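Geometric and topological summary
The residues making up each chain are set out below.
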Amino acid sequence: MEQQNDTLHALVLKTDSTLSRWRLPYPVYQFTTGDVNGDGSTDALVGVEKATRYFPYGRRLFIFKNYRGHVRPLWMGSKLGGDLQDFRFIDGRVRSLETSANGLWSVAEYEWSGFGLRFLRFLEKATDRTTAERTFNTN
């Protein structure tokens, strides 16, 4: 990940024979790697702050793959279950820290399901921030 300024980043994949960049014109709040789709190749999970048509502000999760030495999108999610605050990649799953419109916090797990992430389960649901953050940060 290269940061060019506050709101412009680039995801960079460098191999012995190629150099590939994917421009991310959004603030990045989180970056991690892992094999999201189980194909044996490392994917990049990038958390960006980006507006969408129906949500003027929000944190989104984008997942990129290495396709023959080039950065390519695997999933450019607009939303998970709640309002995404943070995420981690643990044991082949995406763990999310989310809030709801009524101010409650949840921790959920998602897994890859062909085209995108599929909800698996709540680790915490409709709780306070301290409890949710403790669960989110537990391996």
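In this text the structure is predicted, and so the values were computed from the model without any measurement.

Another point: the packing of aromatic side chains. Inspection of the entire model under this criterion finds six aromatic pairs. Between Tyr29 and Phe87, the aromatic rings sit 6.2 Å apart at their centres with planes inclined by 80 degrees, giving edge-to-face as the arrangement. With Tyr29 in strand β4 (residues 28-34) and Phe87 in strand β8 (residues 83-90), this pair connects stretches of sequence that are 58 residues apart. For Phe87, a relative accessible area of 1% translates into the label buried. A ring pair is formed by Phe62 and Phe64, whose centres lie 6.4 Å apart and whose planes are at 80 degrees; its orientation type is edge-to-face. Given a relative accessible area of 1%, Phe64 falls into the buried group. The structure contains a cluster of three or more aromatic residues connected by ring pairs, namely Trp22, Tyr26, Phe62 and Phe64. If you follow Arg59 out to its NZ or CZ, it ends over the ring of Tyr29, 4.0 Å from the centre. The cationic tip of Arg88 hangs over the ring face of Phe136; the distance from NZ or CZ to the ring centre is 5.9 Å.

Criteria and cut-off values
- Residues numbered from 1 in each chain as written.
- Predicted model: local features only at pLDDT ≥ 70, side-chain atom pairs only at ≥ 80, totals over all residues.
- Heavy atoms only, no water.
- Phe/Tyr/Trp six-rings, centres within 6.5 Å; stacked < 30°, edge-to-face > 60°.
- Helix = DSSP H or I, 4+ residues; strand = E, 2+ residues; numbered from the N terminus.
- Buried < 20%, exposed > 50% of the residue type's maximum accessible area, 1.4 Å probe, protein only.
- Lys NZ or Arg CZ within 6 Å of the ring centre and 35° of its normal.

Without other data, these values stay purely geometric and don't point to any function.
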